[in-house]
Amino acid sequence: MFGWFLLHFSYFQSDIDRKEYWPKLTEWMESIGKGKYSKGREDMYNILRPFMDQAIRNAKNLEKINDGRPPANSSPGTKVYELIEKLRPYL
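What you are looking at is a predicted structure, and each value in this text was computed from that prediction instead of being measured. (Residues numbered from 1 in each chain as written. Predicted model: local features only at pLDDT ≥ 70, side-chain atom pairs only at ≥ 80, totals over all residues. Heavy atoms only, no water.)

Draft legend 1. Molecular detail of the overall build of the protein. Secondary structure assignment for the protein yields five helices and zero strands. Its helices and strands taken in sequence order, the protein reads α-α-α-α-α from the N to the C terminus. (Helix = DSSP H or I, 4+ residues; strand = E, 2+ residues; numbered from the N terminus.)

Draft legend 2. A look at the side chain of Thr 26. Within the secondary structure, Thr 26 is located in helix H2 (residues 18–31). Note on Thr 26: relative accessible area 11%, which makes it buried. (Buried < 20%, exposed > 50% of the residue type's maximum accessible area, 1.4 Å probe, protein only.)

Draft legend 3. How the structure looks around the packing of aromatic side chains. In this structure the tally under the stated criterion is four aromatic pairs. Relative to Tyr 37, the ring of Phe 5 lies with its centre 6.3 Å away and its plane at 70 degrees, an arrangement referred to as edge-to-face. Separated by 32 residues along the polypeptide, Phe 5 in helix H1 (residues 2–6) and Tyr 37 in the loop between H2 and helix H3 (44–48) bring together distant segments of the chain. Neither Phe 5 nor Tyr 37 differs from the other in exposure class; each is buried. Relative to Trp 28, the ring of Phe 9 lies with its centre 6.0 Å away and its plane at 5 degrees, an arrangement referred to as stacked. A residue pair is termed long-range when its members are at least 10 positions apart, and Phe 9 in the loop between H1 and H2 and Trp 28 in helix H2 qualify at 19 residues. Accessibility expressed as a relative area gives 7% for Phe 9, which makes it buried. (Phe/Tyr/Trp six-rings, centres within 6.5 Å; stacked < 30°, edge-to-face > 60°.)

Draft legend 4. Molecular detail of helix H4 (residues 52–65). A rise of 1.5 Å per residue sets the reference length of H4, with its 14 residues, at 20 Å; its end C-alpha atoms lie 20 Å apart and thus fit the reference within 8%. Residues of H4 that are buried include every one of Met 52, Ala 55, Ile 56, Asn 58, Ala 59 and Leu 62, and no others. Within H4, the buried residues cover an arc of 165 degrees as seen down the axis, which keeps them to one side. (Expected span 1.5 Å × (residues − 1). Arc of directions from axis to C-beta.)

Draft legend 5. Molecular detail of the pattern of salt bridges. Within this structure, the stated rule accounts for three salt bridges. Its salt-bridge partner being Arg 41, residue Asp 43 comes within 2.7 Å of it at the nearest N-O pair. Its salt-bridge partner being Arg 88, residue Asp 53 comes within 2.7 Å of it at the nearest N-O pair. Linking Asp 53 in helix H4 with Arg 88 in the segment after helix H5 (80–87), this pair joins segments that are 35 residues apart in sequence. (Salt bridge = Lys/Arg side-chain N within 4 Å of Asp/Glu carboxyl O.)

Draft legend 6. Seen up close, the confidence of the model for the protein. When pLDDT is averaged across the protein, the result is 85; 89% of the residues are at 70 or more. Across the protein, element-level confidence peaks in H3 with a mean pLDDT of 93 and bottoms out in H1 with 79. (pLDDT = per-residue confidence, 0-100.)

Draft legend 7. Focus on a nonpolar patch on the surface. Side chains of Tyr 45, Leu 83, Leu 87, Tyr 90 and Leu 91 sit close together on the surface and give an oily, nonpolar patch of about 560 Å² of accessible area. Tracing the backbone shows Tyr 90 in the segment after H5. (Patch = residues over 30% accessible without salt bridge, like charges linked within 9 Å, V, L, I, M, F, W, Y side chains within 5 Å. Areas by Shrake-Rupley, 256 points an atom, 1.4 Å probe, with all protein chains shown as cover.)

Laid out in structure tokens, this is it:
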């Protein structure tokens, strides 16, 4: 899920270790004046919502790079955008 969150703020093609997600999210959130990232923040949807189109575009670009690979072997990569696109009319 952290990778999906990061795609709201930037496009990245390199695989990063899970330990690097948290500091990167905090860095981006602080840069937009939203403070530090913490697990379970109840306002994450509201913070990420304005960047949702960017995240979907970034995820689709990653999918093109990972074409032909199963999701488990696509790193970085996410299919969360497919769920978001289905649910978006109800959000």
